[in-house]
Amino acid sequence: MNRQRLQFLLDGHFDQRLSHEEHAEFEQCLLTSPEARDEFWKQAEFHALIRQCAQEGEGAREVQAKPRFQSRPRRSTVRRPVAVSRSPVTSIIRWAALFAMVILVVIWRLGPTKDSRKAVKPICTVTHDAGGRWAGRVQPTVGQPLSAGTYQLNSGLVELTFARGTKAALEGPAIFKIIDDDRLLVSSGTLGAHVPAEHRGFTVQTSAGNIIDLGTRFGIAASASGQVEVDVFDGKVEWKPAETLEAANQEVAGGSGLLIDPRAHSVSAIVSERDRFPQPTRTVQQLLGGGEFEPGTVIGTSGISGVPAVWGGDLCETTAAVEGIRPRQGTGMLRFLRPDSLPLDAPARTRNSEQFQCVDLRPFKELVARGAAKAETSAWFNQAPRGGSGSKRVVLTIASFRGNLKEVGSQWARRQETALSRDEDVLALDSDLTSWQRAEAKVPIPPDADYVVVSIRANIEVSPTGELDRLTANFVDSVSLQLTVPPQGRTAPRR
Amino acid sequence: MDVNPKPASPESDQVALVQRLFIQHSPSLRGFVLACWRISLAVDDVMQEAFLVATRKANDFQPGSNFAAWITTIAKLEARTFARSEQRKTKVFSNEVLDVLCDSRPEPLHDRDLSLRHLKECLGRLAPQARQAVELRYQTGQKPAEIARHMRWTAEAVYVALSRARLLLRQCVEQKLAEEPT
């Protein structure tokens, strides 16, 4: 066999492209030719050398925080230290390192089971998966913790949540490496991140340098050619350029961005475009005003009002610990007094004592525009039954509406027809004064919704003569409402 | 490099010797496993098992004998065991070819450290695209078809680029080794 043909077969073997016939020819060649076997081993050794070189190169870069190489997640690696000098000092260091490695592998060997050997510290968790397809055998799913390592997402959208609250949405194809709690390396692909204030300093490494969060929401697109785009949507980030760029550190504020091409040594200022990046979960918390019912909270008693963030409804009062019940949180809670706004000793005609609060959604139009947003409310109820015959039923309701807040009264009264979405949770309260019971309700928010209404309600027993049951006291505390938008893929192409 | 140092008589010393030799040989041994089985994602498992078996059988190894041949036999058996447990096709060679290959496996390169150092320099001489293809192939273990998608090349272009890159790298390393003072 001529040398050229042998090289073709060797290349084909190592790149896994031989046809069935070519493979048979290759096997026959290896069986019959000592020279072919010799060449096989030489080239196998050289492949191993390139592999070792590439992987050690990655390790060195990681130490220098100048990422470039990527690798698959590795369960264990036994590597030989690279000798760069033959001096006595470095020789001692080499052997000391070798000894340390032997100790490490002995410790590893003593592990009780194969599975436990592979247990490593989780860095973040998959919190959303929309069609994520990963390279390799492991297909992470929602709820699965991920440890440090390199991952290749071939397609789909996934969200990773780090221990300190940072959320990163990645859209495939993407190759990224989870380095530790505070660092993520993106070799290629698009990422959208939200870093809460408590995780300030979270860093995304790219071939163009490090992007350090200064409390913000931003997107990064890294192409295989090395070009990196950084778009800042809120807050600001600091870009620390790779040394090869010989550029100064630069802060990038919300609404702006940078297009960096390390090969061309060019950096261009751009206007950030949110639609070009996947977006992680966005949550707006505590949309209600005075949900803790601390002393001084305004409690309207003139029925449902169209004033956002203010409670309004029937006669209720904020109170400190009373009737053997302590506030669930803080020093105050709300007590339902009457099913209307009349004086306490007046006869009553209805049974439901109810308070409402409206939340104007218009400031959040951008969030709800795609129709994926959800509003979630919860409330904690308690009851002091001192032998009375009072109802044990309480209700938490949420509904979304389109229209003017001034019309909330009529909209609410006809909510079965007018509400765009509606949900309620009915609780039967126990007689334990020390236990608060949680009710929760959740509705999707259509893009055309203008406001939501949250209602808390307790049934008060009324005698046939209109006399209120004064032996039963109903309380509510810690009422909250949050708006959540799940991760979304980009809707515009990359630049 | 001295691959078979002086004998160590106590049992623990023998285990330490085998483990040290395993570490020295592991890059080359990985290369052997990857050259003969399609188990790139499971090569660490095979290496771990080979390490455990080698440690258990440390006293069977005769200091001064050919460690490469000894550990190759162990790795071959472990890789075969793994391959048998796999549903998909991981076996590349027939047992006959595998045995002939293992019997002819030479000692690993004695100047491996030096070769590695030269290779790092030689990689820097590759054209950026060729270098990227090499990195994707050898660091992330991507197949040429995946590299082609990643780089928006044809698969054929990737095969050619990898083949040329390997040839250039080999020639570069050999030239540098030849220039080394003896």
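Keep in mind it's a predicted model, so treat the numbers as computed, not measured. (Residues numbered from 1 in each chain as written. Chains lettered and ligands numbered in written order. Predicted model: local features only at pLDDT ≥ 70, side-chain atom pairs only at ≥ 80, totals over all residues. Heavy atoms only, no water.)

Attention shifts here to the overall build of chain A. Helix and strand counts for chain A stand at 8 helices and 25 strands. Within chain A, the fraction of its 495 residues that count as buried is 51%. When contacts within chain A are restricted to residue pairs at least 6 apart in sequence, long-range pairs at least 24 apart make up 62% of them. Accessible area for chain A stands at about 21900 Å²; split by element, carbon and sulfur atoms hold 52% of it. (Helix = DSSP H or I, 4+ residues; strand = E, 2+ residues; numbered from the N terminus. Buried < 20%, exposed > 50% of the residue type's maximum accessible area, 1.4 Å probe, protein only. Contact = heavy atoms within 4.5 Å. Areas by Shrake-Rupley, 256 points an atom, 1.4 Å probe, with all protein chains shown as cover.)

What chain B contains, in helices and strands, is 8 helices and 0 strands. Taken from N to C terminus, the helices and strands of chain B fall in the order α-α-α-α-α-α-α-α. Among the 182 residues that make up chain B, the fraction classed as buried is 55%. For chain B, restricting intrachain contacts to residue pairs at least 6 apart in sequence, the fraction spanning at least 24 positions comes to 64%.

One pass over the structure, following the stated rule, counts 19 aromatic pairs over all chains. Considering the side-chain rings of Phe26(A) and Phe40(A), the 6.4 Å spacing of their centres and the 50° angle between planes classify their relative orientation as tilted. One end of the pair, Phe26(A), is in helix α2 (residues 20-32); the other, Phe40(A), is in helix α3 (residues 34-63), and 14 residues separate them in sequence. One aromatic cluster is present, formed by Phe14(A), Phe26(A), Phe40(A), Trp41(A), Phe32(B) and Phe93(B) through successive ring pairs. (Phe/Tyr/Trp six-rings, centres within 6.5 Å; stacked < 30°, edge-to-face > 60°.)

Looking now at the packing of helix α7 (residues 144-151) of chain B against helix α8 (residues 155-179) of chain B. Residue and element names in this part refer to chain B. Contact pair α7 / α8: the axes reach a minimum separation of 8 Å and the direction vectors enclose 110°. Judged by the angle between their axes, α7 and α8 are roughly perpendicular. Contacts between α7 and α8 involve Pro144, Ile147 and Ala148 from the first element and Ala155, Val158, Tyr159 and Leu162 from the second. Here the residues of the contact of α7 with α8 are counted per class, giving 7 nonpolar, no polar and no charged. (Axes fitted to C-alpha atoms, helices over the stretch in contact; angles between N-to-C directions. Parallel < 35°, antiparallel > 145°, perpendicular 65-115°, else oblique. Nonpolar A, V, L, I, M, F, W, Y, C, P; charged D, E, K, R; others polar.)

A word on the state of the cysteines. Residue and element names in this part refer to chain B. The tally for this structure, following the rule as stated, stands at 1 disulfide over all chains. Here cysteine 122 connects covalently by a disulfide to cysteine 172, the sulfurs 2.0 Å from one another. Sign of the S-S torsion, about -80° for the bond between cysteine 122 and cysteine 172, identifies this disulfide as left-handed. Here cysteine 122 is found in helix α5 (residues 112-123), whereas its partner cysteine 172 is found in helix α8, with 50 residues between them in sequence. This pair shows no difference in class: cysteine 122 is buried, exactly as cysteine 172 is. Left unpaired, cysteine 102 is separated from the closest cysteine sulfur, that of cysteine 36, by 6.1 Å. Overall, the relative accessible area of 11% leaves cysteine 102 in the buried class. (Disulfide = S-S within 2.5 Å.)

In this section: the nonpolar core. In this structure, Phe40(A), Phe32(B) and Phe93(B) are the most contacted members of the largest nonpolar core, which totals 48 residues. The set of elements that each furnish at least two residues to this core consists of α1 (3-14), α2 and α3 of chain A together with α1 (11-36), α2 (43-56), α3 (67-85) and α4 (95-103) of chain B. It is α1(B) that provides the largest number of residues to this core, a total of 11 residues. Contact partners of Phe93(B), with chain neighbours within four places excluded, come to His13(A), His23(A), Phe26(A), Glu27(A), Leu30(A), Phe40(A), Ala35(B), Cys36(B), Leu98(B) and Leu101(B). Judged by nonpolar contacts, the second largest core, of 39 residues, contains Leu287(A), Val368(A), Leu427(A) and Ile460(A). (Core = buried A, V, L, I, M, F, W, Y, C linked by side-chain atoms within 4.5 Å.)

Attention now moves to the pattern of salt bridges. Taken as a whole and assessed by the stated rule, the structure comprises 29 salt bridges over all chains. Glu159(A) is the partner of Lys167(A) in a salt bridge, and the nearest nitrogen-oxygen pair spans 3.9 Å. Across the pair Arg217(A) and Asp234(A) runs a salt bridge, and its minimum N-O distance is 3.8 Å. Of this pair, Arg217(A) sits in strand β8 (residues 216-222) while Asp234(A) sits in strand β9 (residues 228-234), and the two are 17 residues apart along the sequence. Residue class for Asp234(A) comes out partly exposed when judged on its relative accessible area of 36%. Put simply, Arg3(A), Glu39(A), Arg170(B) and Glu174(B) are held in one network by salt bridges that share partners. (Salt bridge = Lys/Arg side-chain N within 4 Å of Asp/Glu carboxyl O.)

Residue and element names in this part refer to chain A. Burial analysis of β9 places 6 of its 7 residues in the buried class, which makes it a mostly covered element. As judged from the 6 bridges shared by β8 and β9, these two strands associate in the antiparallel manner. By the bridge assignment, phenylalanine 218 is partnered in β9 with valine 232. Between β8 and β9, which follow one another and run antiparallel, lie 5 residues, and glycine 226 among them has a positive phi close to 105°. With 4 bridges connecting them, β9 and strand β12 (residues 256-261) associate as antiparallel partners. (Pairing = 2+ DSSP bridges.)

Time to look at unusual backbone geometry. Most peptide bonds are trans, and most residues other than glycine sit at a negative phi. Residue and element names in this part refer to chain A. In the segment running from glycine 172 into proline 173, the intervening peptide bond is cis, with an omega of 5°. By secondary structure assignment, the location of proline 173 is in strand β4 (residues 167-180). In this model, phenylalanine 293 sits at a positive phi of 55°, which is unusual for a non-glycine residue. For phenylalanine 293, a relative accessible area of 0% translates into the label buried.

Turning our attention to α2(A). Within an α-helix, residues lying three or four positions from one another point in the same direction, as the helix has 3.6 residues per turn. Residue and element names in this part refer to chain A. Between its terminal C-alpha atoms α2 stretches 19 Å, which fits the 18 Å expected from 13 residues at 1.5 Å a residue. Residues of α2 that are buried include every one of Glu22, His23, Phe26, Glu27, Cys29 and Leu30, and no others. Along the axis of α2, the buried residues cluster in a sector spanning 160°; they form a single face. Those residues of α2 that are exposed and aimed more than 90 degrees away from the buried face are His20, Glu21 and Thr32. (Expected span 1.5 Å × (residues − 1). Arc of directions from axis to C-beta.)

In this section: the environment of His118(B). Residue and element names in this part refer to chain B. As for its position among the elements, histidine 118 is in helix α5. A relative accessible area of 5% means that histidine 118 is categorised as buried. For the pair histidine 118 and lysine 176, spaced 58 residues apart in sequence, the C-alpha to C-alpha distance is 6.7 Å. When residues no more than four places from it in sequence are discounted, the contact partners of histidine 118 are Val173, Lys176, Leu177 and Glu180.

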